[in-house]
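Below are the chains, spelled out letter by letter.
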Amino acid sequence: MDVNTELNTSRVATVMATIRQRIAGRNLTPGAKLPSVRAMAKASGVSTSTVVDAYERLVAEGVILSRPGSGFYVANQAAPFSLSDIGPKLDRAVDPFWVSRQSLEADDGDLKPGCGWLPPSWLPETGIRRALRTLSRADNRAFADYGSPLGLPPLRQHIARRMAERGVEASPDQIMLTESGTQAIDLLCRFLLEPDDVVLVDDPCYFNFQALLRAHRARIVSVPYTPSGPNIELFSQVVAEHRPRLYITNSAIHNPTGATLSPVAAHKVLKIADQFELTIVEDDIFADFEHTPAPRLAAFDGLDRVIHIGSFSKTLSASARCGFIAAKPEWVDALIDLKIATTFGGGRLSSELVYKVLSDGSYRKHVEALRSRLSEAMFNVSAKLKNLGIVPWLEPSAGMFLWCRLPGDVNAADVARAALERKIVLAPGNAFSLSQSAQNFMRFNVSQTLDARVFDVLRDTLRG
Ligand SMILES: Cc1ncc(COP(=O)(O)O)c(C=O)c1O
């Protein structure tokens with residue numbers, strides 16, 4: 001193949017991939033009209049003949065149909081819904097699934113400074129084993145029967161007490177257990193969103209907020225995050241302009257920045273929320289990492305506009321899945337119905353296990369030790385990254401994440417791809433950024449960044 005033919009073939013493939021992706025992500029639904037050849041050529045920066053070639057090949061594959069005189073349409077037989085195209089690991093675009101897929105699919109020996117959880121050896125193994133032994137002797141309903149829809153009462157009481165320590169007042173009957181924090185958000189999206197509703201997120205934000213919102217076909221808008229919360233001026237503008245139904249955020253330890261919401265920002269966010277009837281989902285999953293409790297929106301608001309969620313994946317176990325939703329009493333009944341519709345009973349065994357570990361006196365000691373260990377790791381990793389010219393955006397007061405700027409104008413996605421070839425999973429900034437404005441940033445999980453190989457690979461890849 002000569003160079004020109006090769007170039008043209010790859011352009012045709014790119015146009016085909018773009019259309020397939022739009023169909024897979026439901027941006028183009030069955031029966032929808034494709035962009036005209038001329039428009040597609042202009043948008044993709046290729047010639048019209050390249051687009052014609054690509055469209056004809058997609059017709060031959062049965063993906064689209066040609067209606068002479070009218071244009072091209074998505075074939076009615078839709079491929080199964082896919083939120084992202086599955087491709088070879090290294091070729092994946094840096095999208096909101098990038099970090100999750102690379103971290104969850106990594107081999108045992110791979111290093112994962114980009115992942116969002118602690119190494120298993122940092123979790124309370126002894127407490128979990130003890131709880132498993134106790135459970136093995138429990139009444140067999142604990143491991144054979146469905147749980148009640150609201151969930152294990154003593155665990156809900158325990159959660160209510162812990163929330164009260166952070167100023168969030170809720171009775172145990174306002175707390176519904178879920179399979180996880182992720183399922184809590186999923187249920188709330190089902191509960192609150194109509195198709196095409198707008199949802200506001202922080203920029204950057206936890207990438208799975210975007211992934212999950214895409215699954216709900218929501219329209220997502222974002223506001224830049226500052227070290228003390230969302231940029232309030234822009235927040236107010238975006239809310240006034242787009243009238244989002246929901247705002248999803250982390251107040252205490254923000255993922256990925258490690259920032260903490262200030263009381264002033266919390267007050268202003270709630271004022272705007274009141275003015276525009278905005279509901280807020282406050283995801284408090286990192287609560288147990290805090291040395292001193294930061295302000296919670298749910299505490300100021302008394303669970304009126306704010307729904308508070310959490311889980312135990314980060315400090316107890318991501319395998320024994322258990323999360324919760326705390327909401328105003330009027331909403332709890334409908335949430336129970338939704339939980340029954342989508343999962344029937346709760347995962348009783350997990351909640352029994354989590355309760356046993358939490359109520360065992362050793363859990364408090366475990367989290368205290370964890371906080372010190374994370375502070376130490378934060379200090380050491382931060383210093384080593386700075387030696388490489390990788391500078392934290394802020395020094396977080398707690399938690400496991402360091403959100404860092406790479407030296408010069410290095411593209412984090414390129415660094416992450418190069419590191420992946422050497423079995424190191426990194427978290428490039430744009431996976432967290434709806435506006436794609438974080439290409440020079442990288443999130444590091446300090447608990448997973450202690451191996452010297454990480455810094456060797458970073459040094460090599462930064463050199464290019
Ligand atoms: C901010 C945030 N929310 C929710 C989750 C998911 O929580 P769970 O494991 O309970 O589904 C994560 C996991 O990384 C997270 O970082």
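Worth saying up front: this structure is predicted, and the values here are computed from it rather than measured.

Got a minute to help me understand the overall build of the protein in this structure?
A tally of regular secondary structure across the protein gives 17 helices and 14 strands. For 464 residues, the compact-globule formula gives about 23 Å, and the C-alpha radius of gyration of the protein, at 24 Å, lands near that figure. Looking at the protein as a whole, 44% of its 464 residues qualify as buried. In the protein, of all internal contacts separated by at least 6 residues, the share reaching a separation of at least 24 is 74%.

Is there a simple way to think about the nonpolar core in this case?
Phe324, Ile325, Ala326, Val354, Leu402 and Cys404 are the most contacted members of the largest nonpolar core, which totals 112 residues. Broken down by element, this core gets its largest block of residues, 6 residues, from helix 15 (residues 362-387). When residues of this core are sorted by domain, at least three fall in each of domain 2 (89-122 + 364-463) and domain 3 (126-361). Each residue touching Ile325, except ones within four places of it in the same chain, is listed here: Met176, Thr178, Ala184, Leu187, Leu188, Ile307, Ile309 and Leu335. Membership of the second largest hydrophobic core comes to 14 residues, among which are Val12, Leu28, Tyr55 and Ile64.

Explain helix 8 (residues 181-192) here, please?
For the α-helix, the turn length of 3.6 residues means that residues three or four positions removed from each other point alike. Over its 12 residues, helix 8 runs 16 Å from end to end, which matches the ideal 16 Å to within 8%, given 1.5 Å per residue. Burial in helix 8 covers these residues: Gly181, Thr182, Gln183, Ala184, Ile185, Leu187, Leu188 and Cys189.

Would you mind going over the site of the ligand with me for this structure?
Near the ligand lie 13 residues; those nearest to it are Ser180, Gly181, Thr182, Ser311 and Ser313. Taken together, the residues of the shell around the ligand break down into 3 nonpolar, 9 polar and 1 charged.

How should I be thinking about the domain arrangement of the protein in this particular structure?
How big an interface is tends to be reported as the loss of accessible area on association of its parts. Taken domain by domain, the protein holds domain 1 (3-74), domain 2 (89-122 + 364-463) and domain 3 (126-361). Look at where the C-alpha atoms of domain 2 and domain 3 centre, and you get two points 24 Å apart. The partner domain 3 presents 29 residues to the 31 residues of domain 2 that form the contact. With 6 residues, helix 15 is the largest single contributor of residues to the side of domain 2 that touches domain 3.

Just checking my understanding: could you explain the pairing of strand 1 (residues 64-67) for this structure?
Regular strands have side chains that alternate between both faces of the sheet. Across 4 bridges, the pairing between strand 1 and strand 2 (residues 71-74) is antiparallel. When the bridges of strand 2 are listed, Ser66 appears paired with Phe72.

Help me understand the environment of Lys365 in this model?
By the secondary structure assignment, Lys365 is in helix 15. Separated by 241 residues in sequence, Lys365 and Pro124 place their C-alpha atoms 9.8 Å apart.

Before we go on, may I ask you to explain the sheet that holds strand 13 (residues 427-428) in this structure?
Judged by pairing direction, the sheet is antiparallel, and its 4 strands sit side by side in the order 11-12-14-13 without closing on themselves. What marks the edges here is a single partner per strand, and that holds for strand 11 (391-392) and strand 13. In terms of strand pairing, strand 11 meets strand 12 (residues 401-405) through 2 bridges, oriented antiparallel. Across the sheet, the residue bridging to Pro392 is Cys404, located in strand 12. Docked against the sheet, helix 15 engages strand 11, strand 12 and strand 14 (441-445), running at close to 15° with respect to strand 12.

I tried to follow the sheet that holds strand 7 (residues 246-249) on my own but got confused; where do I start?
In a beta sheet, neighbouring strands are held together by backbone hydrogen bonds and run either parallel or antiparallel to one another. Overall, mixed pairing links the 8 strands, which are arranged 3-10-9-8-7-4-5-6 in an open sheet. Strand pairing shows two members of the sheet lacking a second neighbour, strand 3 (175-178) and strand 6 (229-230), which therefore form its edges. Against the sheet, helix 7 (residues 153-165) contacts strand 3, strand 9 (306-311) and strand 10 (323-326), and its axis sits at roughly 115° relative to strand 3.

I'm lost on the packing of helix 10 (residues 232-242) against helix 11 (residues 263-275) in this one. Help?
The description of two packed helices rests on the angle between their axes and on the distance between the axes. Their axes nearest at 10 Å, the elements helix 10 and helix 11 cross at an angle of 10°. As summarised for this structure, helix 10 and helix 11 are arranged roughly parallel, according to the angle between their axes. Only Ala265, Lys268, Val269 and Ile272 of helix 11 make contact with helix 10, whose side of the interface consists of Ile232, Phe235, Ser236 and Val239. Looking at the contact of helix 10 with helix 11, its residues break down into 6 nonpolar, 1 polar and 1 charged.

Is there a simple way to think about helix 9 (residues 207-215) in this case?
Listing the buried residues of helix 9 in full gives Phe207, Phe209, Gln210, Leu212 and Leu213. Buried-residue contacts for helix 9 involve helix 4 (98-104), helix 8, strand 4 (198-203), strand 5 (219-226) and strand 7. Phi turns positive one or two residues past the end of helix 9, at Arg217, with a value near 55°.

I'm lost on the environment of Arg245 in this one. Help?
Here Arg245 lies in the loop between helix 10 and strand 7. On the neighbour-count criterion, Arg245 (19 C-beta atoms within 10 Å) is partly exposed. It is 24 Å that separates the C-alpha atoms of Arg245 and Glu169, two residues lying 76 residues apart in sequence. Beyond its immediate stretch of four places on either side in the chain, Arg245 contacts Leu192, Leu193, Asp197, Val198, Val199 and Thr279.

How do you make sense of the pairing of strand 10 when you look at a structure like this?
Side chains Gly323 and Ile325 of strand 10 all project onto a buried face; the interleaved residues Phe324 and Ala326 project onto the opposite face, where all are buried too. Note that strand 3 and strand 10 share 4 bridges and pair antiparallel. Note that in strand 10 the partner of Leu177 across the bridge is Phe324.

Teacher, can you tell me more about unusual backbone geometry here?
In terms of backbone geometry, most residues other than glycine have negative phi values and most peptide bonds are trans. That bond from Asp203 to Pro204 is cis: its omega, 5°, falls within 30 degrees of zero. For the peptide bond that leads from Asn255 to Pro256, omega is 15°, which places it in the cis range. Tracing the backbone shows Pro256 in the loop between strand 7 and helix 11. The backbone of Glu277 shows a phi angle near 50°, a positive value even though the residue is not glycine. Mapped onto the elements of the fold, Glu277 is located in the loop between helix 11 and strand 8 (279-283). For Glu277, a count of 10 C-beta atoms within 10 Å gives the class exposed. In this structure, Gln436 takes a positive phi of about 60° despite not being glycine. Among the secondary structure elements, Gln436 is positioned in the loop between strand 13 and strand 14.

What counts and how
Residues numbered from 1 in each chain as written. Predicted model: local features only at pLDDT ≥ 70, side-chain atom pairs only at ≥ 80, totals over all residues. Helix = DSSP H or I, 4+ residues; strand = E, 2+ residues; numbered from the N terminus. Rg over C-alpha atoms; globule rule 2.2 N^0.38 Å. Buried ≥ 20, exposed ≤ 12 C-beta atoms within 10 Å, placed from the backbone. Contact = placed C-beta atoms within 7 Å. Core = buried A, V, L, I, M, F, W, Y, C linked by C-beta atoms within 7 Å. Domains from an automatic or database assignment. Expected span 1.5 Å × (residues − 1). Near = placed C-beta within 6 Å. Nonpolar A, V, L, I, M, F, W, Y, C, P; charged D, E, K, R; others polar. Pairing = 2+ DSSP bridges. Axes fitted to C-alpha atoms, helices over the stretch in contact; angles between N-to-C directions. Parallel < 35°, antiparallel > 145°, perpendicular 65-115°, else oblique.

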